[in-house]
Amino acid sequence: QVQLVESGGGLVQAGGSLRLSCASPGRTFSRYTMGWFRQAPGKEREFVAAIRRSDNNRYYADFVKGRFTISRDNAKNTVYLQMNDLKPEDTAVYYCAAQTAGSDTTVEITTARRYDYWGQGTQVTVSS
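Draft legend 1. Layout of the packing of aromatic side chains. The final tally for this structure, using the stated rule, is four aromatic pairs. Between the aromatic rings of Phe37 and Trp118, the centroid separation amounts to 5.1 Å while the plane-to-plane angle is 55°, which identifies the pairing as tilted. Of this pair, Phe37 sits in strand β4 (residues 33-39) while Trp118 sits in strand β10 (residues 117-118); the two residues are 81 residues apart in sequence, bridging distant segments of the chain. Look at Trp118 and you get partly exposed, because its relative accessible area is 26%. Of the aromatic side chains, those joined through ring pairs into one cluster are Phe37, Phe47, Tyr115 and Trp118. Above the ring of Tyr95, the side-chain terminus of Arg45 is found at 3.8 Å from the ring centroid. Here Arg45 stacks its cationic end above the ring of Trp118, 4.8 Å away from the centre of that ring.

What follows is the structure in structure tokens.
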């Protein structure tokens, strides 16, 4: 069982920054692909970023390219999402997720249903 707890969300003005954290104490973090997804009201959950277990390659949705950075600290069992130059359209609940098994293809890594464990989410609100 993998328990994930997100933190770091909040209210920020457009152009500002936030760093989200996702912790899973007691887990061997390096064994899992970790992803960030977000869901705005009335919208489907969408892929934001992920870091692959096999080689730590990072993947990003086009809409966050150049603005967001995913990283991990295996010793602390924590994954981070650094968000810069935030825009009002980034407003959503952000979820971290763990993938314990998969083919490690781009499709697998960016598809929400392929993740096995999810946190409760943290709210990010960006004002214009």
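Moving on from the coordinates now.
Draft legend 2. Representation of the pairing of strand β7 (residues 68-73) in the model. A one-sided burial pattern is seen for β7, the buried positions being Phe68, Ile70 and Arg72 and the unburied ones Thr69, Ser71 and Asp73. Note that β7 and strand β8 (residues 78-83) share six bridges and pair antiparallel. In the sheet register, Ile70 faces β8, and the bridge partner there is Leu81. Here β7 folds back onto β8, and the loop between the two strands holds four residues, one of which, Asn77, carries a positive phi near 50°.

Draft legend 3. View of the environment of Arg58. Within the secondary structure, Arg58 sits in strand β6 (residues 58-60). The exposure class assigned to Arg58 is partly exposed, which follows from its relative accessible area of 45%. Put simply, Arg58 and Gly35 are 23 residues apart on the chain and 9.5 Å apart in space, counted from C-alpha to C-alpha. Not counting residues within four places of it along the chain, the set of residues in contact with Arg58 comprises Ala50, Ile51, Thr69 and Ile70. Among the polar contacts listed, one links the side chain of Arg58 to the backbone oxygen of Ile70, at a separation of 3.0 Å.

Draft legend 4. Local environment of the sheet that holds β7. Strand order in the open sheet made by the four strands is β1-β3-β8-β7, with antiparallel pairing throughout. Single-partner strands in this sheet number two, and they are β1 (5-7) and β7. Mean inter-strand twist for the sheet, computed between neighbouring axes without regard to direction, equals 15°. Across three bridges, the pairing between β1 and strand β3 (residues 18-23) is antiparallel. Paired with Ser7 across the strands is Ser21, a residue of β3.

Cut-offs applied
Residues numbered from 1 in each chain as written. Predicted model: local features only at pLDDT ≥ 70, side-chain atom pairs only at ≥ 80, totals over all residues. Heavy atoms only, no water. Phe/Tyr/Trp six-rings, centres within 6.5 Å; stacked < 30°, edge-to-face > 60°. Helix = DSSP H or I, 4+ residues; strand = E, 2+ residues; numbered from the N terminus. Buried < 20%, exposed > 50% of the residue type's maximum accessible area, 1.4 Å probe, protein only. Lys NZ or Arg CZ within 6 Å of the ring centre and 35° of its normal. Pairing = 2+ DSSP bridges. Contact = heavy atoms within 4.5 Å. Polar contact = N/O pair within 3.5 Å; in protein donor to acceptor, adjacent residues only side chain to side chain. Axes fitted to C-alpha atoms, helices over the stretch in contact; angles between N-to-C directions.

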